[in-house]
Amino acid sequence: MSRSTAHHSDRHGTPRTRRTPDPPETARAPAPPEAHQGPDRPGTPDGHQGTDRPCTPDEGQGTDRPGASRGEDARTAVTVFVALGANLLIALAKAVGGVFSGSPALLSEAAHSVADSLNEVFLLASLKRSKRAPDDQHPFGYGKERYFWSLLAAVGIFVMGGCFSFFQGAEALSSGSSEDHSGYLVGLAVLGVALLAEGSSLVRALVQVRGHARDAGHGMVAELRAGDDPTLRTVLAEDSTACLGVVFALLGMWLHMVTGEVAYEATASFLIGALLVYVAYRLAKESRGRLIGEAIDPAQRRELRRFLEAQPEIDTVTSLLTMRLGNDSTLVAARVDLAPGHDSEEVEEVLVRVKTAMAEIWPYADQIFLDVTEASARDRARARADRQALDERVAAVEQEDRGT
């Protein structure tokens, strides 16, 4: 792969390259400086930074590399603050308007905004806590804090937003209606202002996503599907559902005023609740996968495998395992069978050189482990099957992206 590939990296540490690597250019990376030569023994996995201490900023854990930009986190924090400020003001206005008018749909929207406000606090906490340095108890860092707090945000959307909206809809159907049209006019005005505020926050999030998509060289839809920052994805999901929820509430209140039938407004509350439950499910599912331990994108795995297979000293890559440790941190572990004719000192030099080259090309791969093993005929057959399955998976993803 040419060095230019590294510049197409995603802001969160997972580059989405648009072409396959060019092995000859990186097949012979320069020998690493002394600061990067951690202990490495044949047959024993060892990271390119050594395992007796956490990586220092200049060794791959810092924020000056493409996958760990402080500027990107700052922009995400601004997006979250904008959403938080809008939701706090809107929640107060909706609550006052809902009490004044007695509108169940407006009260459901007030609960929605309160849930969103609490979730934004969770997300701000995740931005700070996920950047803590590794320690003895967490040698791979705290990158997964973002996934944990995003999971809490999903639970908050489900409980405080979805369940309360269903309750409001059921209560409206059971109690009937005694609407005050003057109160409803106030409620409609509040919802109109809320739609403008939520829309402004949504535009801010979409602008940031569009910038990410432009940097990665693909469209908005592909970026929304492939984006790895749970904080930004959560804000975008909240703002989108907030705008749609306001539209439901506006329609429900207006039809209630025109027809005098409370069923329209109760239906709006049920729709808002169903929308929030669905969004909470999707966010929780994504966070669950990352917390359990999820591999990086198939195209990136294929690039890593092809790079290793292109090294003249490596005969077979028997297995390649990857796992996201955070937005800008990834673990890469590979079992390789070296070509015959290398003594122990040469093997050590090969492993250090290969890992150093990998760290330069893919800065997000800050935890690299290579295990030298002797591949059997079964291992080689399994490696060929894995390579074919990976190629098919990448082709399917690319076809899906072209279709969108």
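Rules of the game
Residues numbered from 1 in each chain as written. Predicted model: local features only at pLDDT ≥ 70, side-chain atom pairs only at ≥ 80, totals over all residues. Heavy atoms only, no water. Helix = DSSP H or I, 4+ residues; strand = E, 2+ residues; numbered from the N terminus. Buried < 20%, exposed > 50% of the residue type's maximum accessible area, 1.4 Å probe, protein only. Contact = heavy atoms within 4.5 Å. Areas by Shrake-Rupley, 256 points an atom, 1.4 Å probe, with all protein chains shown as cover. UniProt positions renumbered as here; feature names shortened; annotations may be inferred. Patch = residues over 30% accessible without salt bridge, like charges linked within 9 Å, V, L, I, M, F, W, Y side chains within 5 Å. Salt bridge = Lys/Arg side-chain N within 4 Å of Asp/Glu carboxyl O. Lys, Arg positive; Asp, Glu negative; His and termini not counted. Charge placed at Lys NZ, Arg CZ, Asp CG, Glu CD. Axes fitted to C-alpha atoms, helices over the stretch in contact; angles between N-to-C directions. Left-handed = near helix turned anticlockwise from the far one by under 90°. Nonpolar A, V, L, I, M, F, W, Y, C, P; charged D, E, K, R; others polar.

Enquirer: Hey, could you run me through the overall build of the protein in this one?
Expert: Tallying secondary structure elements over the protein gives eleven helices and three strands in all. Secondary structure elements of the protein, listed N to C terminal, follow the sequence α-α-α-α-α-α-α-α-α-β-β-α-β-α. When each of the 404 residues of the protein is scored for burial, the buried share is 50%. Contacts in the protein between residues at least 24 apart in sequence constitute 77% of all its contacts with a sequence separation of at least 6. About 18,300 Å² of surface is accessible on the protein, with carbon and sulfur atoms providing 61% of the total.

Enquirer: Help me understand the UniProt feature "transmembrane region" (unreviewed entry) in the protein, please; the structure alone is not making it clear to me.
Expert: Under the local residue numbering, the UniProt record ascribes the feature "transmembrane region" (unreviewed entry) to residues 147-170, 182-207, 235-256 and 262-281. Secondary structure across residues 147-170 comprises 100% helix and 0% strand; the distance between its end C-alpha atoms is 33 Å. In residues 235-256, the share of helix is 100% and the share of strand is 0%. The end C-alpha atoms are 31 Å apart.

Enquirer: Help me understand a negative patch on the surface in this model?
Expert: On the surface, Asp 343, Glu 345, Glu 346 and Glu 349 cluster together into a negatively charged patch. In this structure, Asp 343 sits in the loop between β2 (329-338) and α10 (344-361).

Enquirer: Is there a simple way to think about the environment of Arg 384 in this case?
Expert: For Arg 384, the position within the fold is in helix α11 (residues 377-403). Each C-alpha atom of the pair Arg 384 and Val 317 lies 9.3 Å from the other, and the pair is 67 residues apart in sequence.

Enquirer: I'm lost on the packing of helix α9 (residues 298-310) against α10 in this one. Help?
Expert: Relative orientation and spacing of two packed helices are given, respectively, by the angle between their axes and the distance between those axes. For the pair α9 and α10, interaxial distance at closest approach is 11 Å and the crossing angle is 145 degrees. Read as a crossing pair, α9 and α10 show a hand that is right-handed. Residue-level inspection shows Leu 304, Phe 307 and Leu 308 of α9 in contact with α10, the latter providing Val 354, Ala 357, Met 358 and Ile 361. Considered class by class, the residues forming the contact of α9 with α10 number seven nonpolar, no polar and no charged.

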